[in-house]
Amino acid sequence: MSARPESAALAHLRQLRHRRSQQLWQRLGLLGVCLFAGVVLTLTLGQSYTPVTTVMRVLGGAEVPGVGFTVRELRLPRAVVALGAGACFGLAGVAFQTLLRNPLASPDIIGISTGASTGAVFAIVVLSLNGPAVSLAAIGAALGVALLIYLLSWRQGVTGGRLILIGIGLSAMLQSVTAYLLMRAPNWSLQEALRWMTGSLNGARLDQALPLLAALLVFGGLLLSRRRDLDALRMGDDVAAGLGVHLGAARVTIVLAAVGLAAVATAMTGPIAFVAFLAGPIALRLTRQSGALLLPAALVGALLVLLGDYAGQFLLPARYPVGIVTGVLGAPYLLYLIVRDGNARRTL
Amino acid sequence: MSHPMSHSSLHAQTLTAGYAERRVLDNVNLTIPAGQCTAIVGANACGKSTLLRVLSRLLPPSQGQVLLDGTDIHRLPTRHLAKRLGFLPQSPIAPDGITVLELVSRGRHPHQGLFNRWRPEDDAAVVEALSATHMEALADVQVDELSGGQRQRAWIAMALAQQTDVLLLDEPTTFLDINHQIEVLDLLTDLNHSRGTTIVMVLHELNLAARYADTLIAMAKGNVYAMGAAAEVLTATMVREVFGLENRVIADPVTGKPMMIPLGRHGGVAHVQD
């Protein structure tokens, strides 16, 4: 038994724990500051520069000629939708990656986002729906795809590798369905097509923030309630079950919540490439967190979409939708993961 | 650090289990002696790991049931069961960057509700687990930086922080050097003695199993071949029939327990005469 008195050991433990959580909050704070700076940047500096004080006045309701429309109708909705969709994608990605213990298992790789996109396009083009009905169609299609992947990869149990490959195949098929539907659409436009193929914030409206916020509250809350189960699941199904995680219930809840998040975000912005895929691993490397990476991944996702969109609008020679920028960021990482020798012990 | 010596009993009744079409366990009946250290031995694919998985409710049996103090474990809420029965798989995965302290703290999972914050008794359990496994000094070290033996001690500490009456371990000494194997088995014996924890482990190494277990279960073809004290179970006949290995069993000069010496075709065997 310990030579040190119990109380000293306890104090040491608390100190370690305290230092670790302080570290986490510092990193989260840093991410928060970056996000805030990003929002300030996108609101003030676009085609033209608007001083912060003017932006504040406009947001406060004052009429400033020449600026009101730019800030209120263009920049603000873009920033808000970027934050909401990015957080949704980040949460959905890290939830799937943790559940399946594989960085490739994110919804944008295994076809969940593509399915949501196909569902949304089908609802708009074929069923002539709009508003919340489109979101519901996206959620329905994404759930259908999730179920289909699960059933197709079932061989007396589901292994991550098979599930991912089947998801990638389905994703390619669904993408061509989306393209087909878009080409048949009566008022086919390149803008729309780009949005549903790669994701874009062009034409973002403030009223889109509402479904995103609702998704974050409902599905994000659901994920947060399974935070400890996700912690345990990072150690493998057997350890998690041994620690009292009800695997069946945890899996259903987590998949449902993650699919909901990815689908609602996709219905608003299209399947912004690789945000869900990148957010978790980046969050892990930034925070070195051993636990569920929900909050850090949400912040990283929001930051990726916000800055990706800004770069696509103003930092590149031509204007590109955000999905193209994040796609360029994500593709090398995807290649790296595939080329990297299969280190099965790495979970994210 | 006093623990109530509450011995939980674990019974397997007419257990049949397997994967898909392959039946691995066939009508197994046994009682794990409460408060003792039990080792399950047997050739590859004899069903020993499957038995452990069924006992720890990771694999539902197709027939029969496992009773913990008289209740079918599949009728107990998962979290409730996890407070009484712990399980350590063969090669558990440590998340990237996790420290020993964080890993051991995970053992408190079943004791925490949805919104419960970390409580003083959780801290106490973690301190005790670290101290029992001599891991206090390594509390702040990342698990992937530990040696094999230290890593296994960290995982055992996590299982200890769970504070269960029964602890099931699947080959806790695999991939360890002999000195670390002894270290881990000594540690488990300490726990069994000081806390009365019922320990059930699958072991490959027959002589270590005979030395450390109060009860040996030898399995063959999906059923129990023999069960009892090491002296009764570890016999030349058992090893021949269960493992298909010609051998001699002598008394270990140090402990007096049975010790199996394999008779291969080489290595000076010709000079050994019965």
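Residues numbered from 1 in each chain as written. Chains lettered and ligands numbered in written order. Predicted model: local features only at pLDDT ≥ 70, side-chain atom pairs only at ≥ 80, totals over all residues.

1. A few points about the overall build of chain A
For clarity, the threshold we go by: Only DSSP runs of H or I covering at least 4 residues are called helices, and only runs of E covering at least 2 are called strands; the numbering of each starts at the N terminus. The globule rule is 2.2 Å times the number of residues to the power 0.38, and the radius of gyration it is compared with is taken over C-alpha atoms. We call two residues in contact when their backbone-placed C-beta atoms lie within 7 Å.
Check the secondary structure of chain A and you find 14 helices and zero strands. The C-alpha atoms of chain A give 21 Å as radius of gyration, which agrees with the globular expectation for 348 residues (20 Å, within 12%). By principal-axis analysis of the C-alpha atoms, chain A measures approximately 75 × 55 × 35 Å. The contacts in chain A between residues at least 6 apart in sequence include a share of 75% that link residues at least 24 apart.

2. Some words on the packing of helix 6 (residues 160-184) of chain A against helix 7 (residues 190-198) of chain A
All names here are of chain A. What counts, and what does not: The angle between two axes is taken between their N-to-C directions and runs from 0 to 180 degrees, where each axis is a line fitted to C-alpha atoms and a helix contributes only its stretch in contact. Note on angle classes: values under 35 degrees are labelled roughly parallel, values over 145 roughly antiparallel, values of 65 to 115 roughly perpendicular, and the remainder oblique. Each crossing gets its hand from how the near helix is turned against the far one by less than a right angle, where anticlockwise is left-handed and clockwise is right-handed. Amino acids are sorted into nonpolar (Ala, Val, Leu, Ile, Met, Phe, Trp, Tyr, Cys and Pro), charged (Asp, Glu, Lys and Arg) and polar (every other residue, Gly among them).
Between helix 6 and helix 7, the least distance of the axes is 10 Å, while the angle of their chain directions is 165°. Between helix 6 and helix 7, the angle is such that the two are roughly antiparallel. Crossing geometry of helix 6 relative to helix 7 is assigned as right-handed. In this structure, helix 6 contributes T178, A179 and L182 to the contact, and helix 7 contributes E192, A193, W196 and M197. Its residues assigned to classes, the contact of helix 6 with helix 7 comprises five nonpolar, one polar and one charged.

3. Things to note about the confidence of the model for chain B
Definition in use: Per-residue confidence from the prediction method is given by pLDDT, with values spanning 0 to 100.
On average, residues of chain B score 89 in pLDDT, and 94% of them reach the 70 mark or higher. At the level of chain-chain contacts, confidence expressed as ipTM amounts to 0.89, with global pTM at 0.88.

4. Some thoughts on the domain arrangement of chain B
Residue and element names in this part refer to chain B. Put simply, the test is: In this document the domain limits rely on a domain assignment from an automatic tool or a database.
Taken as a whole, chain B is organised into domain 1 (1-84 + 164-243) and domain 2 (94-163). A C-alpha centroid distance of 24 Å is found between domain 1 and domain 2. Tallying the contact residues gives 14 residues for domain 1 and 14 residues for domain 2. Contributing elements (two or more residues each) for the side of domain 1 that touches domain 2: helix 2 (78-82) and helix 6 (178-195). When residues of the side of domain 1 that touches domain 2 are assigned to their parent elements, the largest contribution, five residues, is made by helix 6. Split by residue class, the side of domain 1 that touches domain 2 holds nine nonpolar, two polar and three charged.

5. Describing the sheet that holds strand 9 (residues 215-220) of chain B
In sheet architecture, strand pairing relies on hydrogen bonds along the backbone and comes in two forms, parallel and antiparallel. Residue and element names in this part refer to chain B. Basically, it comes down to this: Strand pairing is defined by DSSP finding a minimum of two bridges between the two strands.
Strand order in the open sheet formed by six strands is 6-7-8-3-9-10, with mixed pairing between adjacent strands. The open sheet has two edge strands, strand 6 (85-88) and strand 10 (223-228), and neither has a second partner. Between one strand axis and the next, the sheet turns through 15° on average, direction left out of account. Pairing between strand 9 and strand 10: five bridges, direction antiparallel. The residue bridging A218 from the neighbouring strand is A226, located in strand 10. Contacting strand 3 (37-42), strand 9 and strand 10, helix 9 (residues 236-243) runs over the sheet at an angle of about 35° to strand 9.

6. Considerations on helix 5 (residues 132-152) of chain A
Residue and element names in this part refer to chain A. For clarity, the threshold we go by: By this rule the span expected of a helix is its residue count minus one, scaled by 1.5 Å. Every C-beta atom is placed from the backbone, and the number of other C-beta atoms within 10 Å of a residue's own sets its class: buried at 20 or more, exposed at 12 or fewer, partly exposed in between.
Spanning 21 residues, helix 5 covers 30 Å between terminal C-alpha atoms, matching the ideal 30 Å at 1.5 Å per step. Inspection of helix 5 places V134, S135, A137, A138, I139, A141, A142, V145, A146 and I149 among the buried residues, and these make up the whole buried set. Here the buried face of helix 5 lies against helix 4 (112-125), helix 6, helix 8 (209-225) and helix 11 (247-269).

7. So, the nonpolar core
Most often, soluble globular proteins keep nonpolar side chains buried together rather than apart. Which entries qualify depends on this criterion: As used throughout, a nonpolar core is a set of buried Ala, Val, Leu, Ile, Met, Phe, Trp, Tyr and Cys residues joined through C-beta atoms within 7 Å of each other.
Residues C88 and A262 of chain A are the most contacted members of the largest nonpolar core, which totals 189 residues. At 17 residues, the largest contribution of residues to this core is made by helix 3 (residues 68-100) of chain A. Two domains each donate at least three residues to this core, and these are domain 1 (1-84 + 164-243) and domain 2 (94-163) of chain B. When neighbours within four sequence positions are excluded, C88 of chain A is seen to be in contact with L212, A215, L216, L261, A262, V264 and A265 of chain A.

8. Thoughts on the interface of chain B and chain A
A common way to report how large an interface is uses the accessible area buried once the components associate. Chain B puts 34 residues into the contact, and the matching count from chain A is 32 residues. For the side of chain B that touches chain A, the elements supplying multiple residues, two or more each, are helix 2, strand 6, helix 3 (100-106) and helix 4 (120-132) of chain B. Among the residues making up the side of chain B that touches chain A, the classes are represented as 19 nonpolar, eight polar and seven charged.

9. Thoughts on the environment of F87 of chain B
Position of F87 of chain B relative to the elements: it lies in strand 6. Along the sequence, F87 of chain B and S56 of chain B sit 31 residues apart, while their C-alpha atoms lie 6.4 Å from each other. Once you skip the residues sitting within four places of it in the chain, F87 of chain B turns out to touch G242 of chain A together with S56, L58 and L168 of chain B.

10. Some words on helix 3 of chain A
All names here are of chain A. For clarity, the threshold we go by: A residue's bend is given by the angle between axes fitted to the 7 residues ending at it and the 7 residues starting at it.
The terminal C-alpha atoms of helix 3, which comprises 33 residues, lie 47 Å apart, in line with the 48 Å expected from a rise of 1.5 Å per residue. Along helix 3, the helix axis deviates most sharply at R75, where the bend reaches about 35°; the proline P77 sits within four residues downstream. Along helix 3, 25 of the 33 residues are buried, which leaves the element largely enclosed by surrounding structure. R101 occupies a position one or two residues after helix 3 and carries a positive phi of about 50°.

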